[in-house]
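# Working through the structure, step by step
Residues per chain are reported as follows:
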Amino acid sequence: MRRAVCPGSFDPVTNGHIDIVQRASTLFDEVVVAVGVNKSKNRLFSAEERIDMLREACSGFPNVSVDGFTGLLTDFCAQHGILAIVKGLRAVSDFDYELQMAQMNASLTDVETVFVPTSPEYSFLASSLVKEVATFGGDVSALVPDFVHRALTQRLAERMAEQA
Ligand code: ADP
């Protein structure tokens, strides 16, 4: 059984993430999407909300499950019998950081990192940018699933109301 993990913060999940998870699911027997639930980070969506959105987004992939994780990703891998970490690479800017991370993780355990190149239509897509554009009224409906778009619109409206 070859099991891999797709880690991230997924705040919120985008079509770019789903593309990587779907492609990972064709390469491995099982894929666990691991949602970082580190409390110190400032997120738009709670850990539970991010996990629920991913479960819905991945419901069509039979060999994909979703879980939260805290602490070291390599510990999560050891606990779940995971052989490989799958990361999407968008641009050279991703590569610097991801290479450093992959080498650090390899120095901690024998877990392997597999880089999957982004599909060209998603190469500019990041959760942070989606939130920023949506905050200023830009149309991000083609970049995230419909139910995520609705949740994002609602949460941003709540935030605006809080600040008013
Ligand atoms: P972000 O806030 O950058 O979208 P996450 O921490 O949630 O990021 O990302 C988790 C993983 O998904 C990372 O490996 C990241 O490189 C990858 N990823 C995010 N967006 C894309 C995309 N558009 N195409 C390919 N990989 C992506």
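As the structure is a computational prediction, the values presented were derived from the model and not from experiment.

Attention now goes to the overall build of the chain. Helix and strand content of the chain: six helices and five strands. Secondary structure elements of the chain, listed N to C terminal, follow the sequence β-α-β-α-β-α-β-α-β-α-α. For 164 residues, the compact-globule estimate of 2.2 N^0.38 gives 15 Å, and the chain sits close to it at 16 Å. Viewed in the frame of its principal axes, the chain has a C-alpha envelope of about 50 × 35 × 35 Å. When the 164 residues of the chain are sorted by exposure, 45% land in the buried category. Sequence-distant contacts, at least 24 apart, represent 76% of the contacts inside the chain between residues at least 6 apart. With the model as given, the accessible surface of the chain reaches about 9200 Å², and the carbon-plus-sulfur share is 53%. Positive and negative charge centroids in the chain, built from 14 and 21 side chains respectively, lie 3 Å apart.

So, on to the pairing of strand E2 (residues 30-36). With six of seven residues buried, E2 is to be regarded as a mostly interior element. Two strands pair when backbone bridges link them, and strand E1 (residues 3-8) and E2 are joined in this way by six bridges, in the parallel orientation. In the strand pairing of E2, Ala-4 is matched with Val-31. Handedness of the crossover is the feature at issue here: the chain leaves E1, passes through helix H1 (residues 15-27), returns alongside E2, and the resulting connection is right-handed. Where E2 and strand E3 (residues 64-69) come together, six bridges link them in parallel fashion. Within E3, the residue paired with Val-32 across the bridge is Ser-65.

Next up on the list: the sheet that holds E3. Across the sheet, five strands lie side by side as E3-E2-E1-E4-E5; this open sheet has parallel pairing. The open sheet has two edge strands, E3 and strand E5 (112-117), and neither has a second partner. Across the sheet, the mean angle separating the axes of adjacent strands is 30 degrees when strand polarity is ignored. Inspection of the sheet shows strand E4 (residues 84-89) paired to E5 by six bridges, in the parallel sense. Residue pairing across strands places Leu-89 opposite Pro-117, the latter belonging to E5. This element, helix H4 (residues 92-108), spans E4 and E5 of the sheet and lies at about 170 degrees to E4.

This part covers the nonpolar core. Counting residues in each nonpolar core, the largest one holds 38 residues, and the members touching the most others are Val-33, Leu-54, Val-86 and Leu-152. Mapped by element, the contributors of at least two residues to this core are E1, H1, E2, helix H2 (47-57), E3, E4, helix H5 (127-135) and helix H6 (146-163). Beyond its immediate chain neighbours, meaning those up to four positions away, Leu-54 contacts Phe-10, Val-13, Val-33, Val-35 and Val-66. Core analysis: the second largest hydrophobic core is formed by ten residues, Phe-69, Cys-77, Ile-82 and Ile-85 among them.

Calculation criteria
Residues numbered from 1 in each chain as written. Predicted model: local features only at pLDDT ≥ 70, side-chain atom pairs only at ≥ 80, totals over all residues. Heavy atoms only, no water. Helix = DSSP H or I, 4+ residues; strand = E, 2+ residues; numbered from the N terminus. Rg over C-alpha atoms; globule rule 2.2 N^0.38 Å. Buried < 20%, exposed > 50% of the residue type's maximum accessible area, 1.4 Å probe, protein only. Contact = heavy atoms within 4.5 Å. Areas by Shrake-Rupley, 256 points an atom, 1.4 Å probe, with all protein chains shown as cover. Lys, Arg positive; Asp, Glu negative; His and termini not counted. Charge placed at Lys NZ, Arg CZ, Asp CG, Glu CD. Pairing = 2+ DSSP bridges. Right-handed = clockwise from strand over helix to strand, strands pointing away. Axes fitted to C-alpha atoms, helices over the stretch in contact; angles between N-to-C directions. Core = buried A, V, L, I, M, F, W, Y, C linked by side-chain atoms within 4.5 Å.

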